[in-house]
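# Fold and contact review
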Amino acid sequence: MYYMNMKVYFHKLTKHPYLFYTLLFLITALVVFGPHLIGGGTLIWNGDGISQHYPALVHFHHDLQNLLFHGKAPEMWQWQVGLGQDYLQTFSYYVIGDPFLYPSVFFPASFLPDYYSIAIIVRLYCAGLAFIFAACRLMPSSKDFSKSLGGLIYVFSGYTAYSSFAHPFFLNPLILFPLLIVSLHHALDKKSLLPFIGMVALTLFVNFYFAYILASGAVVYWLIELFVHRKYRSWRNFGRIVMGAIIGFLISAVLFVPSLYFLLNSARSGGKIANGLKTYSLSYYLSIPGSLLVPKIKPEFWLMGGFMVLGLLGMIFVIRRFRTYRVLSITYLVALVCLLLPVLGGILNGFSSPSNRWLLLMLLPLAFSAVILLDAKLTKKDLIAFTIFGVVAVISLLISSSFGRYDGDLGMISFQYLLIIGALFFSQQWNANSKLLFSVFTIINAATIFLSIEPYNLKATNHLLSKSAVQQLAERQQGYVKQVVNDYQVDPKTGDKDQPTFTRSYIDTQLPDYTYSPSLPILSPIHSIESYWSLENSDVYMFMKELGVSNAIQNDVTGNADLRNILLNYLGVGQLSLNQKSKMIPASYQSYDSTIYNGQQTYLSDSSFPLFYFPSYVISTKDFHKMTSDEKEASLLDSVATHSGHEKSKMAQKVQQVPFYNQTILHSKGEQVSFKSNTDEELKLISPSGQVVLMISPNKELADQELHLEFQNIQYQPFNFGELWQANLADYQAEHNNNSLEGLDDFQNYDPSMFKYRWLARNYLKLGRTKPGYTLSADYLDRTNSFTQLSPSRLSGYEVLKNVTLNLGSADQTDREQWIRLNTNSLAHYAFKLNLVAVPTGAAINRAAKKVRHESRQNLKFKMGHDRIDLKIKHPVKKVVATTIPYSTGWHINQGRIIKINDAFVGIKLKKGQSNYVLTYQTPFLKAGLFMSIAGLVLMMIWSIFEIKKMK
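Just so you know, these numbers come straight off a predicted model, no measurement behind them. (Residues numbered from 1 in each chain as written. Predicted model: local features only at pLDDT ≥ 70, side-chain atom pairs only at ≥ 80, totals over all residues. Heavy atoms only, no water.)

## Quick notes on helix α17 (residues 380-400)
Each turn of an α-helix holds 3.6 residues, which means side chains three or four residues apart point in the same direction. Taking 1.5 Å per residue as the helical rise, α17 with its 21 residues ought to reach 30 Å, and the 30 Å between its terminal C-alpha atoms agrees with that figure. For α17, every residue scored as buried is listed here: Asp382, Ala385, Phe386, Phe389, Gly390, Ala393, Ser396, Leu397 and Ser400. Projection of α17 onto a plane perpendicular to its axis shows the buried side chains occupying an angular sector of 135 degrees, all on one side. In this structure, α17 carries Lys380, Lys381 and Ile388 as exposed residues pointing more than 90 degrees from its buried face. (Helix = DSSP H or I, 4+ residues; strand = E, 2+ residues; numbered from the N terminus. Expected span 1.5 Å × (residues − 1). Buried < 20%, exposed > 50% of the residue type's maximum accessible area, 1.4 Å probe, protein only. Arc of directions from axis to C-beta.)

## A short note on the sheet that holds strand β8 (residues 600-605)
Taken together, four strands build an open sheet; the order of strands is β5-β6-β8-β7 and the sheet is mixed. One side of each edge strand has no neighbouring strand; the edge strands of this open sheet are β5 (504-507) and β7 (589-597). For this sheet, the mean angle separating the axes of adjacent strands, direction not counted, is 20 degrees. In terms of strand pairing, strand β6 (residues 573-579) meets β8 through five bridges, oriented antiparallel. (Pairing = 2+ DSSP bridges. Axes fitted to C-alpha atoms, helices over the stretch in contact; angles between N-to-C directions.)

## Focus: empty space enclosed by the protein
Enumeration over the complete set of coordinates arrives at nine cavities of 30 Å³ or more. Approximately 110 Å³ is the volume attributed to the second largest cavity. His53, Ala56, Leu57, Tyr94, Val95, Asp98, Leu101, Tyr116, Ala119, Arg123, Pro168 and Phe169 together form the lining of the second largest cavity. Going through the elements one at a time, α3 (48-70), α4 (87-96) and α5 (112-138) are the ones with two or more residues in the lining of the second largest cavity. Looking at the lining of the second largest cavity residue by residue, the classes come out as nine nonpolar, one polar and two charged. (1 Å grid on protein atoms, 1.4 Å probe; cavity = no way out; pocket = protein on both sides within 12 Å on 5 of 7 lines; lining within 4 Å. Points joined across faces, edges and corners; volume = space filled by probe spheres on them. Nonpolar A, V, L, I, M, F, W, Y, C, P; charged D, E, K, R; others polar.)

## What about the confidence of the model for the chain?
A residue-level look at the chain finds 90% of positions with pLDDT of 70 or above and a mean pLDDT of 86. Within the model, pLDDT remains below 50 along residues 455-461, and this stretch shows 18 contacts once partners closer than five positions in the same chain are excluded. Overall, residues 482-499 carries pLDDT values under 50, and its contacts beyond four positions in sequence, including any with other chains, amount to 39 contacts. (pLDDT = per-residue confidence, 0-100. Contact = heavy atoms within 4.5 Å.)

## A look at the pairing of strand β29 (residues 916-921)
Regular strands place side chains that alternate from one sheet face to the opposite one. Two strands pair when backbone bridges link them, and strand β24 (residues 868-873) and β29 are joined in this way by five bridges, in the antiparallel orientation. Within β29, the position partnered with Asp870 by the bridge is Val918.

## Regarding the nonpolar core
Counting residues in each nonpolar core, the largest one holds 197 residues, and the members touching the most others are Tyr154, Trp358, Phe386, Phe612 and Trp891. It is α5 that contributes the most residues to this core, 13 residues altogether. Excluding residues that lie within four positions of it along the chain, Phe612 makes contacts with Ser856, Leu860, Phe862, Ile869, Leu871, Val881, Ala882, Thr883, Ile885 and Ile908. Core analysis: the second largest hydrophobic core is formed by 47 residues, Ala267, Leu578, Leu637 and Val839 among them. (Core = buried A, V, L, I, M, F, W, Y, C linked by side-chain atoms within 4.5 Å.)

## Looking at the sheet that holds strand β26 (residues 891-893)
Taking strand neighbours across the sheet as the criterion, the four strands line up as β23-β24-β29-β26 in an open arrangement whose pairing is antiparallel. In this open sheet, the two strands that pair with only one neighbour each are β23 (860-865) and β26. The mean angle between the axes of side-by-side strands here comes to 20 degrees, regardless of whether they run parallel or antiparallel. Helix α27 (residues 843-859) rests against β23 and β24 of the sheet, and its axis sits at about 75 degrees to β23.

Here it is, written out as structure tokens:
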């Protein structure tokens, strides 16, 4: 009796798609997320989660509370973001458009780790609701149970498994896309245009990047509908759709237009589409069938598949009935073409790197196909097709992993694939009601996909941070202010204190298991120069590249400034917080005390430049570009570069080249190849079978100098397949020969024929590999510095390095012979011109900084306000005032003229006879966007009135 009642209740429950989906989601979420949240855990990843997304949430939460409860709007120019950056430029990509973060304003800051985790689950749940809403309107005749299960299939995939932890706001487009398609279909059927206008506006407002991807998907869907259905082909219908899109764009313009401006002027714009790739790697192509079924932890080119089994089976079912389901089938064909060509991946990724993030769009047709499959009658040919795909998928995964260990749960998901196929035919062969069976299998499949690619396993202390760890990291940011000496500049001789001034800092990485944490200091009261955000200032990025700073990348335009003494002081960095293991301590920075805070030692410099100062010389931008990277850096001590400058920098002339000798390339065969120092001759290196050693003669004049290695015209060609084989065979034979010389009899392990077979079996995928990257390091004394050329397969930060300068630190032990050793980590041919350069530091910087600070103290006073700086000049020393404020068209001045100095920063051309200047900042195109949004709302109201009258 009890069983019968439960069966009836379950049957009734499946008649309510939203309610039944909620039950399925809760069970799956409990399995997937429950273990992480029990006992004080969170879903904050010890990677981008804590280094970007959580700091952005905390900062935004603080600003929201100030705005709502105190009526205080945030400054549009954020001094705590790197060297300074626009508020919308930084946060429009992350939090401003995310509707799920605004309710956080009603919760205390202590609850934010929990809120962050809950918001992830709520986003996933809402994505399923959005799908069911779309299915009810686009597939009204489908069964309620199938729609419920389709919601679960839509929500859980390899894409959502990764995004939930790494980039939570990547889940938002899954909510928007079904609603956007429904509104477009509604408009195509000549019904109300208002839903389409609203969805276009919301999509563009939430996130400009995903708006582009979703718009691409909507346009493809529109074109397919036009191709398949003649009834939609009319100029009037076309005009309605375009008009709706324009009005929606206008409504969103207040945020979208400034964001688009910052995107087009960001450091990551202007690169080659698809990183210059014509084709993908062989392993990528071989892995496509299998990756659709089993997700990889680290997929190539964001081929984040791992789609639910029922979705993939539905795709096969639909394609086999091409004429019946033409829209879906053509969609799959278009997707396949996009998967095969890097240029299309680059275009769909915003005309940048070849990323397949657009695959999130395929979750919708896959879920629709699953609904169709669950309601359909299958044939034996379907079983054969399903089986063939499964076999091909498994084979592709084995081949693409060189028949080694696949970094995903291949066995479990393959077993589930077979079970679900069996359940499908069992339910139809015996006409059995298998709703419960499909529900259970789908939940298991969803949980397996999530758990199989989690790079964070069940230990929250490993890759997912506990709540206490998150709160402790956030609280520690507040403690950095205690390390600054009253925030005053102090004259080292007289002890006189300047007025309270603006100072910057650099804080080393705080996450031992993760390379980057530069955005955490945004939660501190100090101004750390390093930040890692999606949109960074392109002028600062190019400035750093002119100085050869290799660790300045598109998402982190300053890096650590290569810990160069001149550069740090020029940028106004008065405080360094370096990890205890750091050996690279710039000469001007002295230990504050023996206190270790947050695992870091604090160093202070009394030679850092003020934010505003008078340069000694104004040189021309043309002459600045002709200098070497080190001459440019030295010129910062006494000069600024402008288009109208004509003077010469004296400090640039003090840069000197250091001769080195007895440098050799040591090959595995013992050959020695000489190379002349500081000439136009290129050094050629084959590595890692060889290395370069540079010998420096005793030279006491190098004391008080900082040594830099200048790499120019870098060329790099990785070994081809034959060279890789020869190099590995040579190492194998060399190891055997060494064992023989040492009297070790290893004849039973020495078999060149078997070695060749095993090597080929493990490395055949390198036949068609994407050009790999490399790291080149330089060792000097106890210090090591390096630069890394990323592979084109890297989707963020890729660029071709041609000229790089490495800081080796202050010269030491100059009364004896020294050596510098170059090492690489990739089998390749390298060629570059190499110079060793001595850059003035120590006393030279102190004298320059003292002169700058003295003139500024006597003749220049400034007061910082809300997006405003009041500047009072007593006796102008020069016609130009220099700053290290990153240049932006948002800066305005009441008199005089703002100019760009050193290609990157704000300069002020003074007006004769005037002493009071006011700099103000306003986000570019914010006012224009506001007026456009008002115009869009007015047009929407007019259109609403028109539709109402038409209905009457």
